[in-house]
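Here's the letter readout for the chains.
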Amino acid sequence: MTIQQTENEKKGEFYYEVDGQKLGLMTYSYAGPDKIIIDHTEVDESLKGQGVGYKLVEASVNFAREKHLKIMPLCPFANAVFRKRSAYNDVRF
């Protein structure tokens, strides 16, 4: 499963695409030069239970570590993942 990313200077998204359709999507926006806010996560019903949402959050954590950013998980799903995975505390704002 390959999670892709696209962004501009203000916002971006991590997504999982199948046959040109985004079936998993997590959006974020920049809040200053050193922080992103995850504001939405959605996964198509056909992929429920396959861990796609977790993979999207994991991709954001890896991105934040690479870029020395902090993450504010406002999205309820992302926030729940951060609460469950203490290994992500280093990037949580």
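Thresholds applied
What you see as residue numbers is a count from 1 along each chain, following the sequence as written. Totals for whole chains, interfaces and linings use every residue, but because this is a predicted model, local features are given only for residues with pLDDT of at least 70 and side-chain atom pairs only at 80 or more, for both listing and counting. Water and hydrogen atoms were dropped before computing side-chain values, which therefore reflect all heavy atoms in the structure. Accessibility here uses a 1.4 Å probe with only protein chains present; expressed as a share of the type maximum, an area under 20% marks a residue as buried, one over 50% as exposed, and anything in between as partly exposed. The helix and strand labels rest on DSSP assignments: H or I over at least four residues marks a helix, E over at least two residues marks a strand, and numbering proceeds from the N terminus. In this text, buried Ala, Val, Leu, Ile, Met, Phe, Trp, Tyr and Cys residues form a nonpolar core when linked through side-chain atoms within 4.5 Å. Stacked, tilted and edge-to-face are the three classes applied to pairs of Phe, Tyr and Trp rings, where Trp contributes its six-membered ring and a pair requires centres within 6.5 Å; stacked means planes under 30 degrees apart, edge-to-face means over 60, and tilted covers the rest. Lysine and arginine charges are scored as sitting over a ring when NZ or CZ, respectively, is within 6 Å of the ring centre and within 35 degrees of the ring normal. We call two strands paired when DSSP finds no fewer than two bridges between them. For helices, the fitted line uses only the C-alpha atoms of the stretch in contact; every axis is such a line through C-alpha atoms, and the angle between N-to-C directions lies from 0 to 180 degrees. Salt bridges, as used here, are contacts in which a Lys or Arg side-chain nitrogen is within 4 Å of a carboxyl oxygen on Asp or Glu.

A. Spotlight on unusual backbone geometry. Located in the positive-phi region is Asp19, a residue other than glycine, with phi close to 50°. For Asp19, a relative accessible area of 78% puts it in the exposed group. With a phi close to 55°, His68 is a non-glycine residue in the positive phi region. Mapped onto the elements of the fold, His68 is located in the loop between helix H1 (52-67) and strand E5 (70-73). Judged by relative accessible area, which is 69%, His68 ranks as exposed.

B. Main features of the nonpolar core. Ranked by size, the top nonpolar core spans 24 residues in total, and within it Phe14, Ile38, Val57, Val61, Ile71 and Phe82 carry the most contacts. At the level of elements, strand E2 (11-18), strand E3 (21-30), strand E4 (35-43), H1 and helix H2 (76-84) are the ones that each hand at least two residues to this core. With 7 residues, H1 is the single largest residue contributor to this core.

C. Region of the structure containing the packing of aromatic side chains. Counted under the stated rule, the structure contains 6 aromatic pairs. For the pair Phe14 and Tyr28, a centre-to-centre distance of 5.3 Å together with 35° between the ring planes defines the contact as tilted. Separated by 14 residues along the polypeptide, Phe14 in strand E2 and Tyr28 in strand E3 bring together distant segments of the chain. Take Phe14 and Tyr28: they sit in the same class, and that class is buried. For Tyr28, a relative accessible area of 1% gives the class buried. Chaining the aromatic ring pairs together yields one cluster made of Phe14, Tyr28, Tyr30 and Phe63. Sitting above the plane of the Tyr15 ring, Lys22 keeps its charged end 4.5 Å from the centroid. Between the NZ or CZ atom of Lys35 and the centre of the ring of Phe93, over which it lies, the distance is 3.7 Å.

D. Spotlight on the sheet that holds E4. Taken in spatial order, the 5 strands line up as E1-E2-E3-E4-E5 in an open sheet, and their pairing is mixed. The open sheet is flanked by strand E1 (4-7) and E5, the only strands paired with a single partner. On average, adjacent strands in this sheet sit at an angle of 30° to one another, irrespective of strand direction. Across 4 bridges, E4 lies against E5 in parallel orientation. Along E5, the bridge assignment pairs Ile37 with Met72.

E. Seen up close, the pattern of salt bridges. Per the counting criterion, the structure on display carries 3 salt bridges. Between Lys22 and Glu13 there is a salt bridge; the shortest N-O distance is 2.2 Å. The class of Lys22 is partly exposed, set by a relative accessible area of 43%. Asp90 is the salt-bridge partner of Arg65, the closest N and O atoms lying 2.9 Å from each other. Pair noted here: Arg65 is in helix H1 and Asp90 is in the segment after H2, with a separation of 25 residues, a long-range link. Take Arg65: its relative accessible area is 35%, and that puts it in the partly exposed class.

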